[in-house]
Amino acid sequence: MNETLAVAGPDGLPRCPWGVAPEDYRDYHDTEWGRPVRGDDELFERLCLEAFQSGLSWLTILRRREGFRRAFAGFSIARIATFTEEDAARLLADPGIIRNRLKIEAVLANARVAAEWKPGELTELIWSHAPEAGDRSAPGKPGDIPATTPESTALSKALKRRGFRFVGPTTAYALMQACGLVNDHLADCHVRGAVERERKGKGEGGAA
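Scope of this entry: the structure provided in the associated data block. The structure displayed is predicted, hence computed values, not measured ones.

1. Quick word on the environment of Gly143
Its place among the elements puts Gly143 in the loop between α8 (121-127) and α9 (150-161). Separated by 138 residues in sequence, Gly143 and Leu5 place their C-alpha atoms 9.8 Å apart.

Laid out in structure tokens, this is it:
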């Protein structure tokens, strides 16, 4: 990301620079990124996709999102936990996803771990690491946004202690950004206010 303030998109509305173009980014930026996500399967999907994104462009993941959903049974933890070696081989041959053996194996292993938890336990664990409200001011430029935080490091460690793989602090922070635990839309981004209202409306305790 360039060291700039929000940038006007084709419609004239100011956005975080990465969310201006192409349209895939713009739609994701405006309608999903930073809005609060709850639900074990929903958060599991986001965690898996952030892990697959490691080392790649997020655009690559967005454009394969439906392929991922088809391949991984809609990211149902219970269903993925039953996947066999034949399923793993099928996934490695699926051109609709990122065919990275270690990442695919991590998804299957993580699902088996999470399937043993109580309903809502993954959601509770992730959201328990949201920063307290007011801990951070709105970022003025992309350079104000960290790659990791103490909270994301703690979340990474908590997930790893429970048996999760491919959940480093950077991946954990990307999940926190995407799912509304923090609001990292720039201060003058037109989406920031709506995201913050949605977070507060759902009783989230994350930082502003």
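2. Side note on the pattern of salt bridges
One pass over the structure, following the stated rule, counts 13 salt bridges. Where Asp11 meets Arg15, a salt bridge forms, and the shortest distance between an N and an O atom there is 2.8 Å. Overall, Asp11 belongs to the partly exposed group, its relative accessible area being 45%. Note that Glu45 is salt-bridged to Arg69, the shortest N-O span being 2.8 Å. Here Arg69 lies in helix α4 (residues 65-71) and Glu45 lies in helix α2 (residues 40-53), a separation of 24 residues in the sequence. Residue Glu45 is classed as buried on the basis of its relative accessible area of 9%. Taking relative accessible area as the criterion, Arg69 reaches 27% and is therefore assigned partly exposed. Taken together, the shared-partner salt bridges in this structure form one network comprising Glu32, Glu45, Arg46, Arg65, Glu66 and Arg69.

3. Topic: empty space enclosed by the protein
In this structure the tally under the stated criterion is one cavity of 30 Å³ or more. Quantified by volume, the largest cavity comes out at close to 70 Å³. Residue lining of the largest cavity: Phe44, Leu47, Cys48, Ala51, Phe52, Lys103, Ala106, Val107, Asn110, Arg165, Phe166 and Val167, and that is the complete set. Going through the elements one at a time, α2 and α7 (101-114) are the ones with two or more residues in the lining of the largest cavity. Looking at the lining of the largest cavity residue by residue, the classes come out as nine nonpolar, one polar and two charged.

Reading the values: the criteria
- Residues numbered from 1 in each chain as written.
- Predicted model: local features only at pLDDT ≥ 70, side-chain atom pairs only at ≥ 80, totals over all residues.
- Heavy atoms only, no water.
- Helix = DSSP H or I, 4+ residues; strand = E, 2+ residues; numbered from the N terminus.
- Salt bridge = Lys/Arg side-chain N within 4 Å of Asp/Glu carboxyl O.
- Buried < 20%, exposed > 50% of the residue type's maximum accessible area, 1.4 Å probe, protein only.
- 1 Å grid on protein atoms, 1.4 Å probe; cavity = no way out; pocket = protein on both sides within 12 Å on 5 of 7 lines; lining within 4 Å.
- Points joined across faces, edges and corners; volume = space filled by probe spheres on them.
- Nonpolar A, V, L, I, M, F, W, Y, C, P; charged D, E, K, R; others polar.

Limitation: the analysis is restricted to geometry and does not speak to function.
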